[in-house]
Amino acid sequence: MEHPFAITLEVGTSLINHTGSWRTLRPEYVHRLPPCNHACPAGEDIQGWLAHAESGDYEAAWRALTENNPLPAIMGRVCYHPCESACNRAVLDSAVGINSVERFLGDLAIKNGWRFAAPAATSGKKVLIVGAGPSGLSAAYHLARLGHAVTIHEAGPAPGGMMRFGIPKYRLPRDVLDAEVKRITDLGVTIKYDAKVANIGEAMSDGGFDAAFLAVGAHIAKRAYIPAGEAAKVLDAVQVLRSMEGEDKPLLGRRVIVYGGGNTALDVARTAKRLGAEEAVIVYRRTRDKMPAHDFEVEEAIEEGVMMKWLSTIKNVEAGSITVERMALDETGFPQPTGEFETLQADSVVLALGQDVDLSLLEGVPGLEVKDGVVQVGPNMMTGVAGIFAGGDMVPSERTVTVAVGHGKKAARHIDAWLRGEIYVPAPKHEIASADKLNTWYYGEAPKTLRPILELARRTSTFEEVVKGLDESNALYEARRCLSCGNCFECDNCYGVCPDNAVIKLGPGNGFQFNLDYCKGCGICAQECPCGSIQMIPEAL
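Note that the structure is a prediction, hence the values are computed from the model and not measured. By convention here, each chain's residues receive numbers from 1 onward along its written sequence. pLDDT decides what is reported in this predicted model: residues at 70 or higher carry local features, side-chain atom pairs at 80 or more are listed and counted, and totals for whole chains, interfaces and linings draw on all residues regardless. Hydrogens and waters are ignored; side-chain quantities use all the structure's heavy atoms.

Peer 1: Account for the sheet that holds strand β13 (residues 335-345), naming residues and giving values.
Peer 2: Spatially, three strands are ordered β11-β12-β13 in an open sheet, and the strand pairing comes out antiparallel. The open sheet is flanked by β11 (312-318) and β13, the only strands paired with a single partner. The mean inter-strand angle of the sheet, taken between neighbouring strand axes irrespective of direction, is 25°. In short, DSSP must find at least two bridges between two strands for them to pair. Each helix corresponds to a stretch of at least 4 residues labelled H or I by DSSP, and each strand to a stretch of at least 2 residues labelled E; elements are numbered beginning at the N terminus. Note on geometry: axes are lines fitted to C-alpha atoms, helical ones only across the stretch in contact, with angles between N-to-C directions running from 0 to 180 degrees.

Peer 1: Outline the packing of aromatic side chains, listing residues and values.
Peer 2: Note on aromatic contacts: the rings of Phe and Tyr and the six-membered ring of Trp form a pair at centre separations within 6.5 Å, being stacked when their planes are under 30 degrees apart, edge-to-face when over 60 apart, and tilted otherwise. The full count for this structure, using the stated rule, is 13 aromatic pairs. Ring geometry for W441 against Y442: centres 6.0 Å apart, planes inclined by 75°, an arrangement best described as edge-to-face. Partly exposed describes any residue whose relative accessible area lies between the buried limit of under 20% and the exposed limit of over 50%, with all areas from a 1.4 Å probe on protein chains only and scaled to the type maximum. Its relative accessible area of 56% is what places W441 among the exposed residues. Note on Y442: relative accessible area 29%, which makes it partly exposed. Through a chain of ring-to-ring contacts, three or more aromatic side chains come together here, namely W62, W114, F116 and Y141. Only Lys NZ and Arg CZ are tested; either one counts as a charge over a ring when it is within 6 Å of the ring centre and within 35 degrees of the ring normal. Cation over ring: R183 sits above F116, and NZ or CZ is 5.5 Å from the ring centre. Here R242 stacks its cationic end above the ring of F165, 4.1 Å away from the centre of that ring.

Peer 1: Tell me about unusual backbone geometry, residues and numbers included.
Peer 2: Phi at L311 is positive, roughly 50°, even though this residue is not glycine. By the element assignment, L311 lies in the loop between β10 (307-309) and β11. Even without being glycine, D492 reaches a positive phi, approximately 75°. With respect to the helices and strands, the residue D492 is situated in the loop between α16 (472-479) and α17 (493-497).

Peer 1: Describe the pairing of strand β5 (residues 211-214), naming the residues involved and giving the relevant values.
Peer 2: Both faces of β5 are covered, namely the face carrying A211 and F213 and the face carrying A212 and L214. In terms of strand pairing, strand β2 (residues 126-130) meets β5 through four bridges, oriented parallel. Among the inter-strand pairings, V130 is bridged to a residue of β5, identified as L214. Across three bridges, β5 lies against strand β18 (residues 388-390) in parallel orientation. Within the sheet, the bridge partner assigned to L214 lies in β18 and is A390.

Below is the structure:
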């Protein structure tokens, strides 16, 4: 009878890969999907570029970042960083400041004049992009890198779309926007300004384009019927913010009422304060917790003196005043009118009730399906017309810069495949590296670095940028807070704890492998792996 702990030899061969009948599980190195990567609408390899930043190779980090997103200095300012909401580090202390490191890399690239590499070859194909907003710019960048000739037709006088005409300068300085757009045009992308496309079919035919990507932003303000006297001054938020780009700034008066609860409403109220308004009041029909605006922006607005009037709705507007009706929540939490009214002094009323997309360029094009004011597209971002793709505000989705950038990248990959007569199939995603797969004791606590904020006195009197960036030491510290969830960073833990010397080091950057001739499947390596990159799998019979 064979001894149960015996190992079997074959003549002329090495040991057979088992150590006896007692091993039921064997370890295996795996790659898991970091939750930050999974949560990023732009599809960035966040963990990948953070690893470069952690080593101090900032240019490599920037280049890894811009493989997916060509606008890091912009996104480092205006993205609402859902990656940080998903970050596993929050179970230890607080999320990694991914967005602040992204901004640091973007600003450093502008300072150092880093440029994108030119495409290795040209395809001979021409692509028309309608709109020079974040989605159009992203698609243009990726298509140009794939070797296609790209022309953007932009209806406005400058690039950026709602990044320029909807986001105030105190959040996004225009020199930053211009620098990142120039880097894209330096790749050979042509932007034609004041060139509104009246009919997409005719524009493609006249220009000899092989494909088109529609990326028209939501520039048309939604209206609501509010009784108003002839002398009442009622404006829309898009009009106000857009006029800030011209020489003639809007005249809003000393008392400004903004009707709405989104980020645009806050932007208008904060802009009004900077234009000299003594009072800027947000009127919103629901409670703060239902406000679509992001909480940190609400806090910044309140700090700057913007007043909030929750559970209120405007009933009518007269010259110099408005009438507001108080609301009350019913048993379902929905606001209902109370019949209680209040008069507020107001020199102007600004409506910030959302925006629609101008779809007039699609008239007369058969096959394009429009539903609820947006274009319907398939999983490949293509409309019902072959060769015409759409993204950003034009399609059903959340309307943020980050989502738009992600749409541009996704569309570019599908457009490239379509032009080559192929179908783009994204690589399958790994299992998400959840927090329960980590050993957070290994890392130790390291509080998050907060970005500096412009002092309050200057915030309400100038359009200087409010939120500042990190310096190199802080950015390096923040990058090093990354836990490398689900992917080996060669900490040597498995090598050190293995009681059987079954872990083989393959050299820097190459990780490890298991020598299963020695491994008895105890699982200590998997238990002690800090980042959850080892799993135990059933032993093959």
